[in-house]
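Structural features, examined
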Amino acid sequence: MPETREGVANFSIAPEDQARADFYALLARLYASAPDAALLSSIAACGELTADAESEGGRALADAWRKLIAASTAMDPAAAADEYQTLFVGVGKSEVSAHGSAYAKSPGSSPLIEVRSTLARLGLARQSGVSIYEDHLAAVCETMRVLITGAGEGEPFAFAQQREFFEAHVKPWVFDCCTAIQNSSIANYYRRVAEFTQLFMAIERDSFAIE
């Protein structure tokens, strides 16, 4: 996961941006490792999203959120751990890869090298002791959270920088990854996670496109 920039002051964040950051933080946690009992209970206790009646994407996201709450209410932590292990880790090879390098392939380029280069340019780096590669879905979600909030240690990054990172390192592959998860016969709880991820990322994509 990336570290934030050094800073000394806290900055206010618009409620809608805080909501975005909170969803990125949740997704980063869910893709980094299986949800434990505390996290499942926390999601189960969440309220419903207020859907934008004029937005089909907003209504779909609210519905996916309700389904994720229901799945979290019913999910057994041990079963969630087994599912995560089989789906994303496996023995020798995972059922589904959560790394951008497995999806965003083009001759002469490496998504991992490219995201590392971008992080260095932004003054961010992987935290010590973290084994997840920078092109992992958990890592790019955490990076988006840092870009939105500054992680409480510095001024949030400019909207243009958020958009640039999303366009270069999330958008090219996240939808294919979500589809792969939803199509896997192993996915149960993570089918709901992937559905919510896909709809949330679609809203992010569309919001960046109109700014």
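Residues numbered from 1 in each chain as written. Predicted model: local features only at pLDDT ≥ 70, side-chain atom pairs only at ≥ 80, totals over all residues. Heavy atoms only, no water.

In this section: the overall build of the protein. Helix and strand counts for the protein come out as 9 helices and 0 strands. Start at the N end of the protein and walk to the C end: the helices and strands fall as α-α-α-α-α-α-α-α-α. For the protein, with 211 residues in total, the buried portion stands at 42%. A total accessible area of about 10400 Å² is found for the protein, and carbon and sulfur atoms account for 51% of it. (Helix = DSSP H or I, 4+ residues; strand = E, 2+ residues; numbered from the N terminus. Buried < 20%, exposed > 50% of the residue type's maximum accessible area, 1.4 Å probe, protein only. Areas by Shrake-Rupley, 256 points an atom, 1.4 Å probe, with all protein chains shown as cover.)

For the rest of this paragraph, the subject is the state of the cysteines. Following the criterion strictly, the structure yields 0 disulfides and no others. The thiol of C178 is unpaired, and the distance to the nearest cysteine sulfur, on C177, comes to 5.7 Å. (Disulfide = S-S within 2.5 Å.)

Do not read the fine detail of predicted coordinates wherever pLDDT is low. In the predicted model, the protein carries a mean pLDDT of 89, and 89% of its residues have values of at least 70. Within the model, pLDDT remains below 50 along residues 3–9, and this stretch shows 25 contacts once partners closer than five positions in the same chain are excluded. (pLDDT = per-residue confidence, 0-100. Contact = heavy atoms within 4.5 Å.)

What follows covers the environment of A202. Tracing the backbone shows A202 in helix α9 (residues 189–210). Taking relative accessible area as the criterion, A202 reaches 15% and is therefore assigned buried. On a C-alpha basis, the gap between A202 and G57 in space is 7.9 Å, while along the polypeptide they are 145 residues apart.

Right, let's get into the pattern of salt bridges. For side chains of opposite charge, pairing can occur when their charged atoms come near one another. Under the criterion given, the structure shown has 12 salt bridges. Here E167 makes a salt bridge to K171, at a shortest N to O gap of 3.3 Å. Residue classification places K171 among the partly exposed residues on the basis of a relative accessible area of 34%. One salt bridge connects E195 with R192, and the closest N-O pair in it is separated by 3.1 Å. One end of the pair, E195, and the other, R192, are both in helix α9, 3 residues apart, so they sit about a helical turn from each other. On the basis of relative accessible area, E195 is assigned to the buried category, the value being 17%. The partly exposed category is assigned to R192, whose relative accessible area is 31%. Taken together, the salt bridges that share partners define one network made up of E48, D63, R66, K67, R192 and E195. (Salt bridge = Lys/Arg side-chain N within 4 Å of Asp/Glu carboxyl O.)

So, on to helix α3 (residues 56–74). Taking 1.5 Å per residue as the helical rise, α3 with its 19 residues ought to reach 27 Å, and the 27 Å between its terminal C-alpha atoms agrees with that figure. Every buried residue of α3 is listed here: G58, L61, A62, A64, W65, L68, I69, A71 and S72. Buried residues in α3 make contact with α1 (15–32), α2 (37–44) and α9. The N-cap of α3, judged by a side-chain oxygen 3.4 Å from the amide nitrogen of G57 a few residues on, is S55. (Expected span 1.5 Å × (residues − 1). Polar contact = N/O pair within 3.5 Å; in protein donor to acceptor, adjacent residues only side chain to side chain.)

Attention now moves to the side chain of E83. Position of E83 among the secondary structure elements: in helix α4 (residues 77–89). Buried within the structure, E83 lacks any salt-bridge partner; its nearest side chain of opposite charge belongs to R191, at an N-O separation of 6.9 Å. Excluding residues that lie within four positions of it along the chain, E83 makes contacts with M75, I186, A187, N188, Y189, Y190 and R191. (Lys, Arg positive; Asp, Glu negative; His and termini not counted.)

It is worth spelling out the packing of α3 against α9 at this point. One can describe the packing of α3 onto α9 by two numbers: an axis separation of 9 Å at closest approach and a directional angle of 155 degrees. Comparing the axis directions of α3 and α9 gives the class roughly antiparallel. As α3 packs across α9, the resulting crossing turns out to be left-handed. Contacts from G57, G58, A60, L61, A64, W65, K67, L68, A71 and S72 in α3 reach Y189, R192, V193, E195, F196, L199, F200 and I203 in α9. (Axes fitted to C-alpha atoms, helices over the stretch in contact; angles between N-to-C directions. Parallel < 35°, antiparallel > 145°, perpendicular 65-115°, else oblique. Left-handed = near helix turned anticlockwise from the far one by under 90°.)

Attention now goes to the nonpolar core. Formed by 61 residues in total, the largest nonpolar core has its most connected members in Y31, I181, Y189, Y190 and M201. Not counting the four nearest positions on each side in its chain, Y190 is found in contact with L30, Y31, S33, A34, P35, E83, Y84, L87, F88 and I181. (Core = buried A, V, L, I, M, F, W, Y, C linked by side-chain atoms within 4.5 Å.)

For the pair α1 and α9, the least separation of the axes is 11 Å and the interaxial angle reads 145 degrees. Here α1 and α9 pass one another in a crossing that is left-handed. The segment α1 lies against α9, with R20, F23, Y24, L27, L30 and Y31 engaging Y189, Y190, V193, A194, F196, T197, F200, M201, E204 and F208. In terms of residue class, the contact of α1 with α9 is built from 13 nonpolar, 1 polar and 2 charged. (Nonpolar A, V, L, I, M, F, W, Y, C, P; charged D, E, K, R; others polar.)

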